[in-house]
Each structure stands twice: as structure tokens, then as C-alpha cells.
Amino acid sequence: MKKLISILLGLLFTVTFAQDGFPRTVVDGQGRELVLEQAPTRIVALFNGNLGTLATLGVLPVGTLANQEMLDDPLYFEDSSSIASVRGEDGYSAELIAALEPDLIMGGRPEHVDELSGIAPVYLSGSLNSLEDTIVELRRASTLFGLEDDAEAIIGQFEDRLAAYALASPGDVSVMFTGLRADSIAVRTQNSTDCSLLNQIAMCDWPDPTGGTSWSFATTSEGVLDLNPDVIIYGNWTGGDISNDDIFTRLDSDPLWQELTAVQNDRVLITPGYNNPIASSLIGATKILDTFAPQIYPEVFEGPLTSEEIQEILSAN
């Protein structure tokens, strides 16, 4: 993972804000115009997606609601100790946000404008339902800081990495993201951000059985057995209420689970640390590629692709 930081994020933690191009008018992800006199430097990022976008651009916020495990992951920030929590009893605390004296608040819901615009300008992100959405949002958010060139360099590096993995991957393995919920097993659909990425290197095209466009559907171990994927990537989606050990104790006692091809071939993979959705950032997308491509295709990838290997693959094709 340290190689990943130097390859993808080498530019990110040395960003300085040039004021060329300010004041400027920025259009947020929901079509609202914000007039900025200068690049904001004290930002509150309400959600994981907002934090992931800032981390990709190398912009350190002053406060967030994001998951602590995400903050502790050095792929996002080498040192996040200065980022304050703005969590209140029920969601965010407007008082804690105001105390940080932000000059920009990044959110995603229209009510954030009504509730927080008296504290600072509110930027609303757009849809983050696919890898394409993630890239669009990164480009859009970069205009807040005058970091358009940085964003293009980061996107180019990521697209090269994804293309190299896709070219080198056989693409003949079916992969399923599953997770235990309180009384069911959730399966990510082809509409999820996880599968929109993994479909570039494998087969993660599980349809929503209702015919809708949801990110996941609830099923049972029998339902998973009917689909019977080659590889299962298992995440703990219980909100921490049930430990991984308890989950697998339960699954190990399930005879239908034991019939799965992935279980019998020891091809059940565990998400490393915080299972951050890839829509949050290209950092999360890269983490998924570098973590799982070598496990899905161990005969192809000895480990995460290095910059040299990426260029060799691209040059050969």
C-alpha cells in the first residue's frame, strides 16, 4: 500500500493553493452556483464521499462526520489528527461546525443548505453511483480550489492503473460482494460502485432481482448458492454489532454456505479494514483494485501493480 501512495497520490500532500482564477463562480453537483472570493482553506466534509474527494485532491479538512476507520487509513491522509469530529447526538452538530469557523461546508443533501448556509457556503456533491460519477465529482470539486490540473493528473494515473489491470486480467472469474445484515445476506448488484469497478477485471454483474437499480438486494445462503460465484468478497455490514469471528462462526455452521464453490475452494476474501465504498474516491477504487486483483488472479498478479508494470502492460498493448 505504501507503493500505492507514491504511485497514485504522490502529488497530493504537497498542495498549495494558488489564488489565480479567483474570485470564481463554481457550480456544485446539484446545479447551484457558489461565488468564491478565494480558494477555501477551512472545509468541513460531512460525509465519506466528501472526505474521499478532498483526500484525493490533497486538501485537509478541519472537520468531518466520516468514519474514524477511514480517517485512520493513511491512504487518505498521512496525518488526520487535526480533523475534528462534528458529530452530534443525531448526525452532525451545527454548533461544532460553527466553532470550526469553516469557509466551506461540503455535503450532499439539499437540507444541508437550509441548515448550514448561515455558517458558511454549502457545496453539494452530485451522484456518486458509479466510477464515472466519482471522476465527474473529482473534476467538479477541483474547481473549488483551482486544482483542475492536479485532478486531471490523478485521474490519468488511475485510468492507466485500471486499464493495466483490465488488460492483464482474464476476466473469466465471477466475483460477488456480500455482507451480513441483521437477518439476511446482502449482495451487491451490477449497479453498485463496487461491481461497476470489478466488472472491469472480472464478472460482478449480479442483477437486482426486482428489476430495479438498487445497489444491493437481501437474500439467504440458499440464494447465494443459486448464484454460486467463483469468488466471494465478504464485508461486515452490521455496523459493528457483530464481529467477523461471530459472522464466520455462524456461516461455518450453515450447510448451504459450505456447499458454495468459493467456500470449498477457499476463495472467500475479507475486505481489509474499513470497507469504504469506491464512490467515495479514486483512493478507495485503487485500494480495491490493488487488494483484490492479486487475490482474484494470483496466477497473474504477484501483488499490486507497480508503476513500471503498468507502463509495461500498457506499452505491450
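In the block above lies the structure referred to throughout.
Residues numbered from 1 in each chain as written. Predicted model: local features only at pLDDT ≥ 70, side-chain atom pairs only at ≥ 80, totals over all residues. Heavy atoms only, no water.

**Student:** I'm lost on the overall build of the chain in this one. Help?
**Tutor:** Across its full length, the chain carries 14 helices and 14 strands. For the chain, the proportion of its 317 residues judged to be buried stands at 52%. A sequence separation of at least 24 residues applies to 63% of the contacts in the chain between residues at least 6 apart. A total of about 14,200 Å² of accessible surface is found on the chain, and carbon and sulfur atoms cover 47% of it. (Helix = DSSP H or I, 4+ residues; strand = E, 2+ residues; numbered from the N terminus. Buried < 20%, exposed > 50% of the residue type's maximum accessible area, 1.4 Å probe, protein only. Contact = heavy atoms within 4.5 Å. Areas by Shrake-Rupley, 256 points an atom, 1.4 Å probe, with all protein chains shown as cover.)

**Student:** How should I be thinking about the pattern of salt bridges in this particular structure?
**Tutor:** Where charged atoms from two side chains of opposite charge come close, those side chains can pair. Inspection of every chain in the model, using the stated rule, returns seven salt bridges. Of the charged contacts in the structure, one is a salt bridge between R139 and E152, with a shortest N-O distance of 2.6 Å. Here R139, found in helix α6 (residues 131-142), pairs with E152, found in helix α7 (residues 148-168); they are 13 residues apart in sequence, far enough to count as distant. For R139, a relative accessible area of 35% translates into the label partly exposed. By relative accessible area, E152 is classed as partly exposed at 38%. D194 serves as the salt-bridge partner of R188, at 1.8 Å between the closest nitrogen and oxygen. (Salt bridge = Lys/Arg side-chain N within 4 Å of Asp/Glu carboxyl O.)

**Student:** Even after reading the chapter, I still don't get the pairing of strand β8 (residues 104-107), so can you show me in this structure?
**Tutor:** Note on strand geometry: in a regular strand, side chains alternate between the two faces of the sheet. Of the two faces of β8, the one lined by L104 and M106 and the one lined by I105 and G107 are each fully buried. In this sheet, β8 lies alongside strand β3 (residues 43-45) in parallel orientation, the contact comprising three bridges. What sits directly across from V44, in β8, is I105. Regarding topology, helix α5 (residues 110-116) serves as the crossover connection from β8 to the parallel strand β9 (residues 122-124), and that connection is right-handed. (Pairing = 2+ DSSP bridges. Right-handed = clockwise from strand over helix to strand, strands pointing away.)

**Student:** What am I meant to see in the nonpolar core here?
**Tutor:** Across soluble globular proteins, you tend to see nonpolar side chains buried next to one another. Residues L144 and L198 are the most contacted members of the largest nonpolar core, which totals 79 residues. The biggest single contributor to this core is helix α13 (residues 282-296), with eight residues. Every residue in contact with L144, bar those within four places of it in the chain, is listed here: F22, V26, L36, A39, P40, L104, M106 and Y123. Counting residues in hydrophobic clusters, the runner-up holds 14 residues, among them V44, I97, V113 and V122. (Core = buried A, V, L, I, M, F, W, Y, C linked by side-chain atoms within 4.5 Å.)

**Student:** Mind showing me how you'd approach the sheet that holds β9 here?
**Tutor:** Note on sheets: strands pair through backbone hydrogen bonds, and any given pair is parallel or antiparallel. With parallel pairing, five strands are arranged side by side in an open sheet as β5-β4-β3-β8-β9. Because the sheet does not close on itself, it has two edges, and the strands there are β5 (84-85) and β9. Where helix α2 (residues 48-57) meets the sheet, it contacts β3, β4 (63-64) and β8, and its direction lies at approximately 130° from that of β3. (Axes fitted to C-alpha atoms, helices over the stretch in contact; angles between N-to-C directions.)

**Student:** What is the right way to read a negative patch on the surface from this model?
**Tutor:** Taken together, the side chains of E302, E308, E309 and E312 make up a negatively charged region of the molecular surface. Here E302 is to be found in the loop between α13 and α14 (307-316). (Patch = residues over 30% accessible without salt bridge, like charges linked within 9 Å, V, L, I, M, F, W, Y side chains within 5 Å. Lys, Arg positive; Asp, Glu negative; His and termini not counted. Charge placed at Lys NZ, Arg CZ, Asp CG, Glu CD.)

**Student:** I keep staring at the packing of aromatic side chains and nothing clicks. Help me out?
**Tutor:** Remark: the centre distance and the inter-plane angle together describe each pair of aromatic rings, the angle taken between the planes. One pass over the full model with this rule turns up three aromatic pairs. Relative to F292, the ring of F177 lies with its centre 6.2 Å away and its plane at 90°, an arrangement referred to as edge-to-face. On the criterion of sequence distance, the pair formed by F177 in strand β10 (residues 175-180) and F292 in helix α13 is long-range, its members being 115 residues apart. Centroid distance Y234 to W257: 5.9 Å. Interplanar angle 90°. Geometry classified as edge-to-face. Placement of Y234 in strand β13 (residues 231-236) and of W257 in helix α11 (residues 255-258) is noted, with a sequence separation of 23 residues between them. For W257, a relative accessible area of 2% translates into the label buried. It is R24 that lies over the ring of F22; its NZ or CZ is 4.5 Å from the centre. (Phe/Tyr/Trp six-rings, centres within 6.5 Å; stacked < 30°, edge-to-face > 60°. Lys NZ or Arg CZ within 6 Å of the ring centre and 35° of its normal.)

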